[in-house]
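As a plain string of letters, each chain reads:
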Amino acid sequence: MNAPVTNLAGLDLRAEIDRLRKERNAVILAHYYQVPEIQDLADFVGDSLDLSKKAAETDAEVIAFCGVRFMAEVAKILSPQKTVVLPDMAAGCSLEDSCPPEQFAAFRAAHLDHLALTYINCSAAVKAHSDIIVTSSSVEKILAQIPQDQKILFAPDKNMGAYFNRKTGRDMLLWQGACIVHEAFSETELLKLKMQYPDAPIAAHPECPAYILDYADQVGSTRAILEFALTSPADTIIVATEPHIIHQMQKAAPHKTFIGAPGADGNCNCNMCPYMAMNSLEKLYLALRDLNPRIEMDEETRLAAKRPLDKMLEMAAATVGQGDVGRPAMAKAD
Ligand code: 13P
Ligand code: SF4
């Protein structure tokens, strides 16, 4: 039994959150990058794809989304009748910031023969200008359903796009965005760590630059990294993604050692996502109490953003092979 976490004038925050969760008929969804105390009281902890699916499926009336704003927006797009709260509305994402909607619309308009494949880490307005949304755990399966000769533009993550270009032999046109967290890993420090632990495999997120991914034994979404860390026969694993995911690894495999890949200064602090860190138990309690901050969106944007998200959910669940998605006009005509 964990000791009570008190604040806001001595409230037992966990007990209060539990009470409000029941009273509000709320579900608490959390990303793996949230602080351990939020992960531990969430109803579900997952990667972006799994969180989107949960948001689409839940029959709760309120979704308290402990992640960043674009993730909570996805929940609202997929479940418009539900109240979606985000503990801190300032919890953005550097990838989203790197892709302003007007510039993306112009980029799209300049490449009308390209299918717009867009990483879910972007605003609803950018989704609305896209053909298909992907997450790190669905991108490869979705790419396999698009004919090899179909021109594709991939936004906003240049590192992820370049990785899948290398892996699949595609030549996707890449928007030049990046995640500040995954770009903070240092190749020099990683090599020093590898010399210290030569038998430790490296698991990395595809948002990392090529100079990190080139050393990775496994590249995948947060869920895939977690699964790799738990199933690998190695007892020490180097984890090149936001280090709060290590909480789930330690819980599931306390006998193993998980080491966060270092940043340039040799310690991991620069690799913690400052946006994910904006959420706290106190803010989650207030969000459930006040049903605020709340995600709101105009219906036109929501419907336009929903179409490429639905496409993602359909293609991520498909058992079909390559060639099932046509050119942009066909992909839009569903
Ligand atoms: P996942 O889809 O792998 O959970 O990644 C989300 C994210 O923001 C990584 O930085
Ligand atoms: Fe965005 Fe990077 Fe934070 Fe993920 S880790 S939410 S991509 S800033």
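Whatever comes next refers back to the structure up there.
I will try to describe carefully the structure that is included in this document. (Residues numbered from 1 in each chain as written. Chains lettered and ligands numbered in written order. Predicted model: local features only at pLDDT ≥ 70, side-chain atom pairs only at ≥ 80, totals over all residues. Heavy atoms only, no water.)

With that settled, the discussion passes to the site of ligand 2. Tyr33, Val68, Cys93, Ser94, Leu95, Asn121, Cys179, Val181, Glu207, Cys273 and Tyr275 make up every residue found near ligand 2. Tallied by class, the residues present in the shell around ligand 2 amount to eight nonpolar, two polar and one charged. (Near = heavy atom within 4 Å. Nonpolar A, V, L, I, M, F, W, Y, C, P; charged D, E, K, R; others polar.)

Turning to helix α4 (residues 69-78), a few remarks are in order. In terms of burial, α4 is a largely internal element, nine of the 10 residues being buried. Inspection of α4 places Phe70, Met71, Ala72, Glu73, Val74, Ala75, Lys76, Ile77 and Leu78 among the buried residues, and these make up the whole buried set. (Buried < 20%, exposed > 50% of the residue type's maximum accessible area, 1.4 Å probe, protein only. Helix = DSSP H or I, 4+ residues; strand = E, 2+ residues; numbered from the N terminus.)

Let us look at the packing of helix α3 (residues 48-57) against helix α15 (residues 299-317). At a closest axis distance of 12 Å, the pairing of α3 and α15 adopts a crossing angle of 110°. As far as their axial angle goes, α15 and α3 are roughly perpendicular. Here Leu49, Ser52 and Lys53 of α3 come into contact with α15, specifically with Met312, Leu313 and Ala316. Split into classes, the residues belonging to the contact of α3 with α15 amount to four nonpolar, one polar and one charged. (Axes fitted to C-alpha atoms, helices over the stretch in contact; angles between N-to-C directions. Parallel < 35°, antiparallel > 145°, perpendicular 65-115°, else oblique. Contact = heavy atoms within 4.5 Å.)

To continue, consider unusual backbone geometry. Residue proline 156 is reached from alanine 155 by a cis peptide bond, and omega for that bond is -10°. If you trace the backbone, proline 156 turns up in the loop between β9 (152-155) and α9 (158-168). Here the phi dihedral of asparagine 25 falls at roughly 50°; this positive angle occurs in a residue that is not glycine. Among the structural elements, asparagine 25 can be located in the loop between α1 (13-23) and β3 (26-31). Here the phi dihedral of leucine 291 falls at roughly 50°; this positive angle occurs in a residue that is not glycine.

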